[in-house]
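Architecture at a glance
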Amino acid sequence: MTILQYLFSVYVSALGTILGTPQVEPDPALIAQLERERTVAVGKNGADALYAIPQVPTTGLKLCNMTDQGNCLKVARENLATYHKEAKQHQKAWQTQEEAIAALLQYGHFRYRFTPEDPLPPYHWISKQSALAAYRFVDGEKEAAMTSVCTNAALGLRLINTAQNHVLESLFGVSLITRNVTLLAEMLAESPAGTRLPPACDEIKVQPAETLSLCPQMYGEWRVISADVEKQIMRAGLTKTPSTTEEQLGQTNINSLLHDMTRNLFTQAEAYALQILMYPCSAESQVAVAHGELPDLTPDPSTRMQYCSPYNPLCIAAAKGLDYTPYQARLLNVNRYLTALDYLRHPTDTPPAGYRIENNTLTFTRYPDREDEEGMQTVTLPLPGSRQNSTTQAR
């Protein structure tokens, strides 16, 4: 056998392996099950209002970001002169935006059309309002600032509890809660002990654990993935049905073989992705979440072996990119922050299990939710009134 004959035999063998894989297609029953798990849309749809949040100028201001968590008020205090200068120009626009964000709480859900080509709602403007609230607090508008922060956190809960579109929607809701609870803790720390939060904060309460499951959002994920696969199939000029069967493998031209091989790569990946999306909806995962425990949603290699050719790069990529464990961790962490906030409302009570007081701070742990984190992560929030003297002296 010559080297060319050997290479050709390997090539044909690979084609046979790919084409010989059972002709898997996404299971319609599983798709229907995911759709049934989707949160029911109740009330008026606020998607248009969400997309219509007015943009406002903030380029001249330093706004605290994720790396500044726990120090937002410090950032605002150091840049207060710039805030005063910008406020003379943009105060009215900031207020209009704040009112538009607060008005979102009147809606029951925010269902919108979303594909990989569609723009996301301008979530970042809501985050920037929280940063502006930090400036308002250090400038003396304490209750108004707390009201704004609580409104944003309440909107975060609304996004989680009514998630209709995809995981990103609830993840932004998580970000709103964790960042604004942290900022509220800062504000309470710089306020007199016994300061009560404004009425807008009443909605920010610990959630039933089962409502923090990823499962209701998997149908939205499926629609995004399926739409992307369909787009790729059309872009490649492929048909939805194979042009050859295994018996015809040796009786057709190379173009037909390549067509069916490429088509199978996509349909295998689509069917495999659907199986992964079912993980958060399994009984085992649902029970774990209901107990506040993090299930392992890492794709099982045996699932890929069942639905994919070993040569399928799309399935290999899906196995790495569709691990939803960190996303479920972020949702479960919501209640850890809300439990902390509940204690900060009543700091003379005994701390709840897993929370402790040390050096004028409330310390607790959260699940790791980023790739660079291993093991439970420690979170520290200042106690109410603990920074009042130091900030008064700083002024």
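For the structure itself, consult the block above.
Keep in mind that what you see is a predicted model, and the values were worked out from it rather than measured.

For the coordinates displayed, the defined rule picks out 8 aromatic pairs. Their ring planes at 65° and their centres at 5.7 Å tell us that Tyr-324 and Tyr-327 sit as a pair that is edge-to-face. Among the residues examined, Tyr-324 registers a relative accessible area of 3% and is labelled buried. The exposure class of Tyr-327 is partly exposed, given its relative accessible area of 27%. Pairing Tyr-355 with Phe-364 gives two aromatic rings, centres 5.0 Å apart and planes at 25°, and the pair type is stacked. A residue is classified by how much of its surface remains accessible, and Phe-364, at 1% relative accessible area, is buried. Ring pairing ties together the aromatic residues Tyr-83, Trp-94 and Tyr-135, which thus form one cluster. Positioned above the aromatic ring of Trp-125, the side-chain terminus of Lys-128 is 4.6 Å from the ring centre.

Attention now moves to the packing of helix 7 (residues 142-161) against helix 8 (residues 167-189). Axis separation between helix 7 and helix 8 bottoms out at 8 Å; the angle between their running directions is 155°. Judged by the angle between their axes, helix 7 and helix 8 are roughly antiparallel. Helix-helix and strand crossings are classified by hand; for helix 7 and helix 8 the assignment is left-handed. Contact residues: helix 7 offers Ala-145, Met-146, Val-149, Cys-150, Asn-152, Ala-153, Leu-155, Gly-156, Leu-157, Leu-159 and Ile-160, while helix 8 offers Glu-169, Ser-170, Phe-172, Gly-173, Val-174, Leu-176, Ile-177, Asn-180, Leu-183, Leu-184, Met-187 and Leu-188. When its residues are assigned to classes, the contact of helix 7 with helix 8 shows 17 nonpolar, 5 polar and 1 charged.

Among the 6 residues that make up strand 2 (residues 361-366), 5 are buried, leaving the element largely enclosed by the rest of the structure. Relative to strand 2, strand 1 (residues 356-358) runs antiparallel, the two being bridged by 3 bridges. For Ile-357, the partnering residue across the bridge sits in strand 2 and is Leu-362. A loop of 2 residues connects strand 1 with strand 2, the two strands running antiparallel in sequence, and Asn-359 in this loop sits at a positive phi of about 55°. For strand 2 and strand 3 (residues 377-382), the ladder comprises 6 bridges, and the chain directions are antiparallel. Paired with Leu-362 across the two strands is Leu-381, which belongs to strand 3.

The rules behind these values
Residues numbered from 1 in each chain as written. Predicted model: local features only at pLDDT ≥ 70, side-chain atom pairs only at ≥ 80, totals over all residues. Heavy atoms only, no water. Phe/Tyr/Trp six-rings, centres within 6.5 Å; stacked < 30°, edge-to-face > 60°. Buried < 20%, exposed > 50% of the residue type's maximum accessible area, 1.4 Å probe, protein only. Lys NZ or Arg CZ within 6 Å of the ring centre and 35° of its normal. Axes fitted to C-alpha atoms, helices over the stretch in contact; angles between N-to-C directions. Helix = DSSP H or I, 4+ residues; strand = E, 2+ residues; numbered from the N terminus. Parallel < 35°, antiparallel > 145°, perpendicular 65-115°, else oblique. Left-handed = near helix turned anticlockwise from the far one by under 90°. Contact = heavy atoms within 4.5 Å. Nonpolar A, V, L, I, M, F, W, Y, C, P; charged D, E, K, R; others polar. Pairing = 2+ DSSP bridges.

Keep in mind these numbers describe shape, not what the thing actually does.
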